[in-house]
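Below are the chains, spelled out letter by letter.
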Amino acid sequence: MIYRKSLIYHPKKEFEVVNLTPELEDLIKGLKLIDAKIDIQCKHTTAGLIVNEDEKGIIYDLENAVERLAPRSVYHRHDDFAVREVKQPDERTNGPAHQMAILLLPETTVYVKDSKLDLGTYQSVMLVDLDGRKRKREVVLYCEEIGIVDLRRKRIKAPYSR
């Protein structure tokens with residue numbers, strides 16, 4: 001069976017990182033998952049997902065790195081409404097956010113092993129919002145219970161059944 005859950009965030013800053021790991025752990029606990037995979041999808045073109053350490057220095061450096069790669073201070077044709085072919089009535093300038101998001105992943109997959117996220121010691125799953133000015137962000141989780149074959153122990157773990 002595949003479970004779907006939608007998470008909604010309301011970023012308060014132009015660049016904001018939200019740690020999704022606690023939400024994932026709550027989902028695992030709530031569904032009583034033992035062995036599973038969770039596909040995570042960010043449904044926005046100016047945001048993305050990373051798996052990294054949730055540490056203030058890393059987040060600060062990430063913000064500076066994406067700013068160097070797609071500076072807000074240079075011309076972005078996407079923001080030039082005089083030449084844009086498609087624009088929405090409430091459109092804002094956000095060309096750099098689109099360019100920065102290209103460097104991030106719109107989706108990622110994590111695994112659950114023995115009812116715990118199977119992440120490295122310092123790893124967290126995080127949403128990186130690059131244009132969070134008064135917009136909501138949706139991240140969708142698709143959880144699927146799976147059987148795991150542990151090749152080292154040569155035994156099969158069947159999916160959890162209720």
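Everything that follows concerns the structure shown earlier in this document.
Residues numbered from 1 in each chain as written. Predicted model: local features only at pLDDT ≥ 70, side-chain atom pairs only at ≥ 80, totals over all residues. Heavy atoms only, no water.

Q: What is the right way to read the sheet that holds strand E4 (residues 47-52) from this model?
A: Adjacent strands of a sheet form backbone hydrogen bonds with each other and so pair up, either parallel or antiparallel. Read from one edge to the other, the open sheet built from three strands follows the order E2-E7-E4, with strand pairing classed as antiparallel. One side of each edge strand has no neighbouring strand; the edge strands of this open sheet are strand E2 (16-19) and E4. Put simply, the sheet's adjacent strands are angled 30 degrees from each other on average, direction ignored. In terms of strand pairing, E4 meets strand E7 (residues 124-129) through six bridges, oriented antiparallel. Within E7, the residue paired with Ala47 across the bridge is Asp129. (Pairing = 2+ DSSP bridges. Helix = DSSP H or I, 4+ residues; strand = E, 2+ residues; numbered from the N terminus. Axes fitted to C-alpha atoms, helices over the stretch in contact; angles between N-to-C directions.)

Q: Just checking my understanding: could you explain the nonpolar core for this structure?
A: It is characteristic of soluble globular proteins that their nonpolar side chains tend to be buried jointly. With 24 residues, the main nonpolar core has Leu20, Leu24, Ile38, Ile40, Leu127, Val139 and Leu141 as its most contacted residues. At the level of secondary structure, the elements contributing two or more residues to this core comprise strand E1 (2-9), helix H1 (21-31), strand E3 (36-42), E4, strand E5 (107-113), E7 and strand E8 (137-145). Filtering out sequence-adjacent residues up to four positions away, Val139 remains in contact with Lys5, Ser6, Leu7, Tyr9, Leu20, Ile40, Gln41 and Leu127. Core analysis: the second largest hydrophobic core is formed by 13 residues, Ile59, Val66, Met126 and Val128 among them. (Core = buried A, V, L, I, M, F, W, Y, C linked by side-chain atoms within 4.5 Å. Buried < 20%, exposed > 50% of the residue type's maximum accessible area, 1.4 Å probe, protein only. Contact = heavy atoms within 4.5 Å.)

Q: Teacher, can you tell me more about the sheet that holds E5 here?
A: Spatially, five strands are ordered E1-E8-E3-E5-E6 in an open sheet, and the strand pairing comes out antiparallel. Looking at strand neighbours, the two that pair on one side only are E1 and strand E6 (116-117), the edges of this open sheet. Pairing analysis gives two bridges linking E5 to E6, with the strands arranged antiparallel. Paired with Lys113 across the strands is Lys116, a residue of E6.

Q: Looking at this structure, how should I read the environment of Pro96?
A: Here Pro96 is to be found in helix H3 (residues 95-101). With relative accessibility at 5%, the residue Pro96 sits in the buried group. In sequence terms Pro96 and Val74 are 22 residues apart; their C-alpha atoms lie 8.8 Å from each other. Setting aside its immediate chain neighbours within four residues, Pro96 contacts Ala70, Pro71, Arg72, His76 and Asp79.

Q: Explain H1 here, please?
A: In an α-helix, one full turn covers 3.6 residues, which means residues spaced three or four apart are oriented alike. Within the span of H1, buried status applies to Thr21, Leu24, Leu27, Ile28 and Leu31. The buried residues of H1 all sit within an arc of 120 degrees when viewed along its axis, so they share a single face. Turned more than 90 degrees from where H1 packs its buried face, Lys29 and Gly30 sit exposed. Lys32, located one to two residues past H1, shows a positive phi value of around 55 degrees. (Arc of directions from axis to C-beta.)

Q: Teacher, can you tell me more about unusual backbone geometry here?
A: Its identity as a non-glycine residue notwithstanding, Lys32 has a phi of 55 degrees, on the positive side. Relative to the helices and strands, Lys32 resides in the loop between H1 and E3. Judged by relative accessible area, Lys32 falls into the exposed class, the value being 53%.

Q: I would appreciate a short explanation of helix H2 (residues 56-69) in the present structure.
A: For H2, built from 14 residues, the straight-helix expectation of 20 Å at 1.5 Å per residue is met to within 8% by its first-to-last C-alpha distance of 20 Å. At the N-terminal boundary of H2, the capping side chain belongs to Glu55, with an oxygen 3.0 Å from the backbone nitrogen of Gly57. (Expected span 1.5 Å × (residues − 1). Polar contact = N/O pair within 3.5 Å; in protein donor to acceptor, adjacent residues only side chain to side chain.)

Q: Which parts of the structure should I look at to understand the environment of Val17?
A: For Val17, the location among the structural elements is in strand E2. Val17 sits 41 residues away from Ile58 along the chain, and the two C-alpha atoms are 11 Å apart. Discounting chain neighbours no more than four positions away, the residues touching Val17 are Ile59, Met126, Leu127 and Val128.

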